[in-house]
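# Chains, contacts and geometry: an overview
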Amino acid sequence: MADSSVKNPPPENFKGWLYKWTNYIKGYQRRCNQAEMAHTCRGTINLSGAYIDTEDSCNFVISSGTQTFHLKASSEVERQRWVTSLELAKARAIQMMEEDSDDEEELPSDVDRTELQTTLHILTSKLEDLGICNDLISKHGTALQRALSDLEVIQDPTEAISKLKSINERATLFRITSNAMINACGEYLELAQAQGRKWQKALQYERDQRLRLEDTIETLAKQHNSLEQACREKGRQDHKSVKGTDADDDDEDNEFYDATEDFTSVQLISNVKGHNRTGSDISGNSIASSEGESRPGEPLSTDDLMMQDKHSHKDSSSYWLKPSSIQTGRVRRKTIPTKPTAGLNLWSIIKNCIGKELSKIPVPVNFNEPLSMIQRLGEDLEYAGMLNTAAECKTTLEEMCYVAGFTIGAYASTAVRNTKPFNPLLGETYEFDRSDDLGWRALCEQVSHHPPAAAIHVEAKDWILWTDITIASKFRGKYLQVFPQGIIHIQFRQTGSHYTYRKVTSTVHNIIVGKLWVDQSGECEVVNHTTKECCRINYKPYSYFSGDTPRKVTGVVTDTMGAAKYIISGTWDQKMEYAKVLHTSMDKGSRAKPLYQTAPPKLLWQKNPLPPNAENMYNMTSFCITMNEPEEGIAPTDTRNRPDQRLMEEGLWDDANKEKLRLEEKQRATRRKREAEATAAAEAGKPCDSYKPVWFDRKMDPLTKTITYIYNSRYWDCKEKGEWPECQDIF
């Protein structure tokens, strides 16, 4: 900090203490302009339009149209130094503003698109003129050369004089054409140089603007990081001094939008008394049935004792609901090591990654969670109990309601999960065998690296599920969008119902500054190809200006003829319900929306509560915590054997980053070797097989007529034998 008593400080870089008038109670308060450079200033005045005036020996005023600062120096000499420096700074500011104004006048903008098109048209026309001149020069030059050759063989002087006249005419035409060519070249060059200088200046201007923006965002990111650490430290101190109860995980959501969970005013679902509601506004709590009522599809805890509601189905001894502690004695883990606190400048990593795909961004493990992307596929099964309930439904329409509820339940935990999973290595696998307690087992494999794609196959007593998913993603600067691409199949063994659907778009907001939050948006169509019944689900994107319920999901189940039979409603992060449609009428308003009179609603699922200390365990659910638990007898390529992910879970982030770099380089070396072998085989004219997954075969899907990956039914046999001859050394 510069001392204001320093003699003759350079006026262009003058800084120090001044007294600023605050109010009549506090009067003048000592201030330093340097202190506010590390954070947002409380007030600023643009010097280019400022008025600077002296009041007395020590006081002076700086004012603009909106703000006025009354300042006081320690002496008259000090005041004069400040006034002189400010006047010089004002002159520089005016000069810079005039230069910027001149530059802006010369820069092409969106409004100048017509001018740009005109310029391009003129340049094209000039090129065409040059082409014509070139053809004429060639033509007249050839004629002139031929005439000169004929002159050399003429012996008769009279004939020679006549020939000279013809040569002069041809020479004149050649000269005229050449002059036209020279003029056209000059005009084209002059126009091109003028436009080139203009476009070069525009390009330099855009580069400078980008650099300024990067500096500004980096400063904001640093400020946000400092504030976040300070808040976290303050929270720890408060936590030590006051022992409170566990906070409801809903409080996490209230940090980024102002909304209450009051669904009493929403529309669509009504009871049997016949209150008509419109078909577009439905929600969860508005259709909740009476407290304590037994309902089909009561939410099932996935890691505690799971017993089916005896009021919903008679067969409460279904094998898939029995807890593991009863059948095998295995107790699954309920916690993972606490996440370390490590600061890292996010902007320094991602500022050069805008527009790239997520899988191609080199991110240290500090921003990851100790799960891989293929484990995230298995996490979609947390509410798979609904599929078991669906298998016992009496009608396929009610079965559709539970299938639709399952598709929405896959997003239940994503509202507070904003960390990035590990990108799987090619050939990486993950088995999730919960047949002892939940009645299903799943197998995932990373089947492709470019583009990244993973396949999953899940089998249970009453149903099977399979898909291959390719994750396309784009980082847009302020937010990240993830576009899952692939068709998910569910088939029930008893009814033969074959369902398909696609996932919706996920968006992570506030990547640079602010609290990260996740939103789901788009439309999902669940189709029963056996009966031609359908459910159209709408995920409404969150909007600060909308009065709608945040994270709202609505859906209509229709029969083969397109008639609405059931309504589903709720929020994708809390709970979903369904109700049978008793009567449908059309709204007489301008939009002619359908009005549905419904029976009392029934619960499809309700979000499982987060375990204690979840905020320090990446906000994982109890189900998710069990996914990376070490297990013996699994394939050597299983993601739970991946060293960087295991080190990261144990909190050894520096070691995990080193292992991550080693594994990525090993994968690159393997790919280069494979490409070299393919090149050598091609040069030799020999066939070379491309990479093939171990547990999935690439085949044509007879239903969707698309190429997909189908499980080859060999994994569990290999596990039973304890033999993995086809598994490569990827770790």
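The model shown is predicted, which means the values in this text are computed figures rather than measured ones. Residue numbers run consecutively from 1 along every chain, following the written order of its sequence. With pLDDT at 70 or above as the cut-off, local features in this predicted model cover only qualifying residues; side-chain atom pairs require 80 or more to be listed or tallied, and sums for whole chains, interfaces and linings still use all residues. Only hydrogens and water are removed before side-chain values are computed, so all heavy atoms of the structure are retained for them.

### A few points about the overall build of the chain
Along the backbone of the chain there are 12 helices and 25 strands. Throughout this description, buried means an accessible area under 20% of the type-specific maximum (1.4 Å probe, protein chains only), exposed means over 50%, and partly exposed covers the range between. Relative to its full complement of 731 residues, the chain shows a buried share of 43%. Pairs of residues are marked as contacts when any of their non-hydrogen atoms sit within 4.5 Å. Sequence-distant contacts in the chain: of pairs separated by 6 or more residues, those separated by 24 or more amount to 60%. What sets the accessible areas is the Shrake-Rupley method with a 1.4 Å probe; for residues, cover comes only from the shown protein chains. Carbon and sulfur atoms make up 52% of the accessible area of the chain, which amounts to about 40000 Å² in all. Note on conventions: DSSP H or I runs of at least 4 residues are helices, E runs of at least 2 residues are strands, and numbering of each starts at the N terminus.

### As for helix α11 (residues 653–683)
Expected span, for any helix, means 1.5 Å times one less than how many residues it has. Between its first and last C-alpha, α11 extends 45 Å over 31 residues, near the 45 Å set by a 1.5 Å rise per residue. For α11, every residue scored as buried is listed here: Trp653, Ala656, Asn657, Glu659, Lys660, Leu663, Gln667 and Ala681. On the buried face of α11, the contacting elements are β8 (420–422) and α10 (643–649). Gly685 lies just past α11 and shows a positive phi near 75 degrees.

### Points about the side chain of Gln667
Mapped onto the elements of the fold, Gln667 is located in helix α11. Since its relative accessible area comes to 16%, Gln667 is described here as buried. Among all residues touching Gln667, those that are not within four sequence positions of it are Leu425, Leu426 and His449.

### A short note on the state of the cysteines
Here, a disulfide means two cysteine sulfur atoms that sit within 2.5 Å of each other. This model, assessed by the stated rule, comprises zero disulfides. We note that Cys185 lacks a disulfide partner, and the nearest cysteine sulfur, in Cys133, lies 7.8 Å from it.

### A closer look at empty space enclosed by the protein
Within this scheme a cavity is a closed region of a 1 Å grid, computed over the protein atoms alone, that accommodates a 1.4 Å probe without allowing it to escape, whereas a pocket is open but has protein on both sides within 12 Å along at least five of seven lines; lining residues each have an atom within 4 Å of a point. Grid points are joined across faces, edges and corners, and a volume is the space filled by probe spheres set on the points. Inspection of the entire model under this criterion finds nine cavities of 30 Å³ or more. Considering only enclosed or pocket space, the largest cavity measures out at about 130 Å³ in volume. Taken together, 13 residues form the lining of the largest cavity, with Leu377, Asp380, Leu465, Ile488 and Tyr501 sitting closest to its centre. Charged residues are taken to be Asp, Glu, Lys and Arg, nonpolar residues to be Ala, Val, Leu, Ile, Met, Phe, Trp, Tyr, Cys and Pro, and polar residues to be all remaining types, Gly included. Tallied by class, the residues present in the lining of the largest cavity amount to nine nonpolar, two polar and two charged.

### With respect to the packing of aromatic side chains
Any two of the Phe, Tyr and Trp rings considered here, Trp counted by its six-membered ring, make a pair once their centres fall within 6.5 Å; the pair's planes then place it as stacked at under 30 degrees, edge-to-face at over 60, or tilted in between. Across all of its chains, the model carries 16 aromatic pairs by this definition. Their ring planes at 35 degrees and their centres at 5.6 Å tell us that Tyr430 and Phe432 sit as a pair that is tilted. According to the relative accessible area criterion, Phe432 is buried, its value standing at 3%. For the pair Tyr715 and Trp716, a centre-to-centre distance of 5.0 Å together with 85 degrees between the ring planes defines the contact as edge-to-face. With a relative accessible area of 0%, Tyr715 lands in the buried category. By relative accessible area, Trp716 is classed as buried at 11%. A ring is considered to have a charge above it if a Lys NZ or an Arg CZ atom is located within 6 Å of its centre and within 35 degrees of its normal. In this structure, Arg30 is placed above the aromatic ring of Trp17, and the distance from its NZ or CZ to the ring centre is 4.0 Å. Its end group placed over the ring of Tyr28, Lys72 keeps NZ or CZ at 5.5 Å from the ring centre.

### A word on unusual backbone geometry
Cis geometry marks the peptide bond from His450 to Pro451; its omega dihedral reads 0 degrees. Of note, the phi angle at Ser713 is positive, near 65 degrees, even though the residue is not glycine.

### Some points on the pattern of salt bridges
Each reported salt bridge corresponds to a side-chain nitrogen of Lys or Arg within 4 Å of a carboxyl oxygen of Asp or Glu. Applying the stated criterion across every chain yields a total of 33 salt bridges. With a closest N to O distance of 2.5 Å, Glu187 and Lys126 form a salt bridge. With Glu187 in helix α3 (residues 157–241) and Lys126 in helix α2 (residues 113–153), the pair connects residues that are 61 residues apart, well separated along the chain. Here Glu675 makes a salt bridge to Arg671, at a shortest N to O gap of 3.9 Å. A residue pair is termed a helical-turn pair when its members lie 3 or 4 positions apart in one helix, as Glu675 and Arg671 do in helix α11 at four residues. For Glu675, a relative accessible area of 45% puts it in the partly exposed group. Taking the relative accessible area as the measure of exposure, Arg671 reaches 27% and is therefore partly exposed. One network of salt bridges, in which partners are shared, links Glu431, Glu631, Asp638, Arg640 and Lys719.

### As for the nonpolar core
Ranked by internal contacts, the top residues of the largest apolar core, which has 69 residues, are Trp440 and Ile537. Ranked by the residues each element gives to this core, the list is headed by helix α8 (residues 396–409), at eight residues. The residues contacting Ile537, other than those within four sequence positions of it, are Ala404, Thr407, Ile408, Gly522, Glu523, Cys524, Val526, Val553, Thr554, Gly555 and Ile568. With 15 residues, the next largest nonpolar core counts Val447, Ala455, Trp695 and Trp724 among its residues. Only buried residues count toward a nonpolar core. Its members are Ala, Val, Leu, Ile, Met, Phe, Trp, Tyr and Cys residues joined through side-chain atoms within 4.5 Å.

### A few points about the confidence of the model for the chain
Values of pLDDT, the confidence the predictor places in each residue, fall between 0 and 100. Scored by pLDDT, the chain comes out at a mean of 78, with 76% of its residues at no less than 70. The low-confidence segment residues 1–11, where pLDDT is below 50, has 14 contacts with residues more than four positions distant or belonging to other chains. Confidence drops under a pLDDT of 50 for residues 103–111, and excluding neighbours within four residues, the segment shows 11 contacts in the predicted structure.

### Some words on the environment of Glu523
With respect to the helices and strands, Glu523 occurs in strand β17 (residues 517–528). When its relative accessible area of 68% is taken as the criterion, Glu523 is described as exposed. Taking the C-alpha atoms as reference, Glu523 lies 6.0 Å from Tyr539; in sequence the two are 16 residues apart. Non-local contacts of Glu523, meaning those with residues more than four positions away in its chain, are made with Val504, Ile537 and Asn538.

### A few points about the sheet that holds strand β3 (residues 51–54)
Here five strands make up an open sheet; going across it, the order is β2-β1-β5-β4-β3 and the pairing antiparallel. The sheet is open, and its two borders are formed by β2 (27–32) and β3, each paired with just one other strand. This sheet shows a mean twist of 30 degrees between the axes of neighbouring strands, independent of strand direction. Strand pairing follows a simple DSSP-based rule, namely that at least 2 bridges must link the two strands. Bridging between β3 and strand β4 (residues 59–63) involves four bridges; their strand directions are antiparallel. What sits directly across from Asp53, in β4, is Val61. Axes here refer to lines fitted to C-alpha atoms; in helices the fit is confined to the stretch in contact. Angles between the N-to-C directions go from 0 to 180 degrees.

### A closer look at a nonpolar patch on the surface
Only residues whose relative accessible area exceeds 30% and that form no salt bridge are eligible for patches; like-charged ones are grouped when within 9 Å, while nonpolar side chains (Val, Leu, Ile, Met, Phe, Trp, Tyr) are grouped when within 5 Å. A surface patch of nonpolar side chains, about 250 Å² in accessible area, is lined by Leu116, Leu120 and Trp199. Summarising the element assignment, Leu116 is placed in helix α2.

### Considerations on the pairing of strand β11 (residues 453–460)
Here β11 lies mainly inside the structure; seven of its eight residues are buried. Across eight bridges, strand β10 (residues 440–448) lies against β11 in antiparallel orientation. If you follow Cys444 over to β11, its bridge partner there is Ile456. Here β10 folds back onto β11 in antiparallel fashion, the turn holding four residues. Pairing geometry for β11 and strand β12 (residues 463–475), over seven bridges, is antiparallel. Note that in β12 the partner of Glu459 across the bridge is Ile464.

### A closer look at the pairing of β17
The element β17 is largely enclosed, with a buried count of nine among its 12 residues. Two strands pair when backbone bridges link them, and strand β15 (residues 498–501) and β17 are joined in this way by two bridges, in the antiparallel orientation. Of the residues in β17, the one forming a bridge with Tyr499 is Asn528. Relative to β17, strand β16 (residues 505–509) is paired through five bridges, and the arrangement is antiparallel. Counterpart to Thr507 in the pairing with β17 is Asp519. Pairing analysis gives seven bridges linking β17 to strand β18 (residues 533–539), with the strands arranged antiparallel.

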